[in-house]
Amino acid sequence: ALATAAEKPQNVERAVPNVIVRGGTRTNVPANIYDLSEYRSMSRSDDEMRQALHDGAMRSVEGAVFAHPDADESKNKTRIEKLLAQDRKGEFAAHLLATGSPVYQRAFGKLLSGKMLTQEEQRAVATVGSSQLADGGYAIPYQLDPTIILTSDGQVNPLRQIARVETLTGAGNTWKGVTSAGITVSRAAEEAAITATSPTLAQPEVTAQSVKGEIDFSIESDQDWPRLQSEMARLLQDAKDAEEVESFTNGVGTTVNPEGIVAGLASTSDVGTTGDGFDLEDLDRLVNALPDRFEPRARFMGHRAVFTKIESLQRALGGGDVYRAMSAGAPPSLLGYSRHNNSAMESDYTTSGNDILLFGDFSNFLIVDKAGMAIELDPHVRDGNGKWTGQRALLAHWRNSSLILVDNAFRILKVGVVTS
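About the thresholds
Residues numbered from 1 in each chain as written. Predicted model: local features only at pLDDT ≥ 70, side-chain atom pairs only at ≥ 80, totals over all residues. Heavy atoms only, no water. Pairing = 2+ DSSP bridges. Helix = DSSP H or I, 4+ residues; strand = E, 2+ residues; numbered from the N terminus. Expected span 1.5 Å × (residues − 1). Buried < 20%, exposed > 50% of the residue type's maximum accessible area, 1.4 Å probe, protein only. Arc of directions from axis to C-beta. Contact = heavy atoms within 4.5 Å. Polar contact = N/O pair within 3.5 Å; in protein donor to acceptor, adjacent residues only side chain to side chain. Salt bridge = Lys/Arg side-chain N within 4 Å of Asp/Glu carboxyl O. Phe/Tyr/Trp six-rings, centres within 6.5 Å; stacked < 30°, edge-to-face > 60°. Lys NZ or Arg CZ within 6 Å of the ring centre and 35° of its normal. Axes fitted to C-alpha atoms, helices over the stretch in contact; angles between N-to-C directions. Parallel < 35°, antiparallel > 145°, perpendicular 65-115°, else oblique.

J.: Which residues make up the sheet that holds strand E11 (residues 299-302), and what are the values?
T.: Taking strand neighbours across the sheet as the criterion, the seven strands line up as E10-E18-E15-E11-E14-E13-E12 in an open arrangement whose pairing is mixed. At either end of the open sheet lies a strand with only one pairing partner, and these are strand E10 (270-272) and strand E12 (323-324). Summarising the sheet, strand E13 (residues 333-334) and strand E14 (residues 337-341) pair through two bridges and their orientation is antiparallel. Counterpart to serine 333 in the pairing with E14 is serine 338.

As structure tokens, this is what we get:
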């Protein structure tokens, strides 16, 4: 009789909601902030539920611990807070709560180890399972997810530190924007007629495309989950960096490939070395070719070998202030502008046609990420003979892309005479 009566919601007495009033807005957050089913039952409207999910996610982030050794806790919490502010429907907040749950993290560790899950852990996995992810698999706990947290040091792949980065947190994987070359204005006497100008608007779109990678690890290593978390976070970030520096620099911009900052530039951005080889005068030519409006935020990017050559040319002339290495905490500079090493750029400064040094305002280069990385587990990696190697494999997939928003914001030094 009790079981039959309990099937009707009106017969069930619920716990008193944990009511939070923040900024004059009433939100209902359950005592267990990771119980997603309670948010709906405690909210009187979609707006209340979205605010409750946001508040619950913020409480989760406040106590989050990031396993990656290079993760900056303060910066990551600030970044996640900004992403939550963009989350209009509460989808990203729900993702954080689902993947940040201690039960889900425990279940995720067991999945990697091939261990049995409790019923509670099975329910947590079902909440964030393949039905929640376009590519299938299991979502990585957000404290380990390199699409959400910041861990790259930017020494090999500086583009994420200097470009414009947009993160998609809701449904869909296409970013849509508006750009314009601006309008023309003029001074006029009071009540005098003016000539109106209509700006030409462009509407760039970037679709985040899937990237896949595999990480193998020994069966022994997964017996220590805390240590495996740290190692897995490091490997995932290294894999992303290695792929992104090449794609975001030299991507051809067709089909699933991003448009690279070097490969995608229009020929009108080329500046030649005038055919007499690479020398310090070419630096002045490159800087002076950039339109004035982009100069205040301009910076250099090139391969380490090119910067080393510039340093040697400076020494040959008896020193000077052209090239400055990092010192006393100040960033390295070139002609007073910040400079950044990019391992995917051309290192050969002697061959005609090579693009060797980029100068411009990198806020006009866009990187788009889709928040959330998924993993599928292969519990038995086998060699070419079909024998088990004693390893497991993580098949990771995430989505991103890139696009040059304004070609005119960049100039690139090309070895040889430029005729275009």
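There is more to say after this.
J.: Lay out helix H4 (residues 73-85) in plain terms, naming residues and giving numbers.
T.: Compared with the 18 Å implied by 1.5 Å per residue over 13 residues, the 18 Å span of H4 between its first and last C-alpha is a close match. Within H4, the full set of buried residues consists of Asn76, Lys77, Arg79, Ile80, Leu83 and Leu84. Angularly, the buried residues of H4 cover 160° about the axis, an arc narrow enough to put them on a single face. In H4, the exposed positions that point more than 90 degrees away from the buried face belong to Lys75, Lys82 and Ala85. Check the buried side of H4 and you find it contacts helix H3 (46-62), helix H5 (91-100) and strand E4 (164-168). Of the residues flanking the start of H4, the one acting as N-cap is aspartate 72, its side-chain oxygen 3.1 Å from the backbone nitrogen of serine 74.

J.: Quick rundown of the pattern of salt bridges? Include the residues and the values.
T.: Throughout the structure, instances matching the rule amount to 14 salt bridges. In this structure, glutamate 48 engages arginine 44 in a salt bridge whose closest nitrogen and oxygen atoms are separated by 2.5 Å. Residue classification places glutamate 48 among the buried residues on the basis of a relative accessible area of 11%. Salt-bridge contacts for glutamate 121 lead to lysine 110; the nearest nitrogen and oxygen are separated by 3.1 Å. One end of the pair, glutamate 121, is in helix H7 (residues 119-127); the other, lysine 110, is in helix H6 (residues 102-113), and 11 residues separate them in sequence. Residue classification places lysine 110 among the partly exposed residues on the basis of a relative accessible area of 22%.

J.: Give me the packing of aromatic side chains: which residues, what numbers.
T.: The way to describe two aromatic rings as a pair is by their centre distance and the angle between their planes. Scanning all chains against the criterion turns up six aromatic pairs. An angle of 50° between the planes, with centres 6.1 Å apart, marks the rings of phenylalanine 278 and tyrosine 349 as tilted. Residue phenylalanine 278 is located in the loop between E10 and helix H10 (281-289), and its partner tyrosine 349 is located in the loop between E14 and strand E15 (355-360); the two are separated by 71 residues in the primary sequence. With a centroid separation of 6.1 Å and an interplanar angle of 75°, the aromatic rings of phenylalanine 300 and tyrosine 337 are classed as edge-to-face. A residue pair is termed long-range when its members are at least 10 positions apart, and phenylalanine 300 in strand E11 and tyrosine 337 in strand E14 qualify at 37 residues. Here tyrosine 337 falls in the buried class, since its relative accessible area comes to 16%. One aromatic cluster in this structure is built from Phe300, Tyr337 and Phe359. Over the ring of phenylalanine 307 we find arginine 339, and its NZ or CZ is 4.9 Å from the ring centre.

J.: Tell me about H10, and name the residues and values.
T.: Asp282, Leu283, Leu286 and Val287 are the residues of H10 that are buried. What you see down the axis of H10 is that its buried residues fit within an arc of 135°, all on one side. Away from the buried face of H10 by more than 90 degrees, exposed residues Glu281 and Asn288 are located.

J.: Now, about unusual backbone geometry: what can you tell me, with residues and values included?
T.: It is generally the case that most residues other than glycine have a negative phi and that most peptide bonds are trans. One non-glycine residue with positive phi stands out, namely threonine 255, at about 50°. Along the chain, threonine 255 falls in the loop between helix H9 (225-250) and E10. The exposed category is assigned to threonine 255, whose relative accessible area is 70%. Non-glycine residue leucine 335 carries a positive phi angle of around 55°. Mapped onto the secondary structure, leucine 335 falls in the loop between E13 and E14. Taking relative accessible area as the criterion, leucine 335 reaches 29% and is therefore assigned partly exposed.

J.: Explain the environment of arginine 88 to me, using residue names and the numbers behind them.
T.: Turning to its location among the elements, arginine 88 is positioned in the loop between H4 and H5. By relative accessible area, which is 75% here, arginine 88 ends up exposed. Separated by 41 residues in sequence, arginine 88 and aspartate 47 have C-alpha atoms that sit 9.3 Å apart.

J.: Let's hear about the packing of H4 against H5: which residues, and what values?
T.: Relative orientation of the contacting elements H4 and H5 amounts to 135°, with a least axis distance of 8 Å. The pairing of H4 with H5 is recorded here as oblique in orientation. Along the contact surface, H4 presents Ile80, Leu83 and Leu84, while H5 presents Phe92, Ala93 and Leu96.

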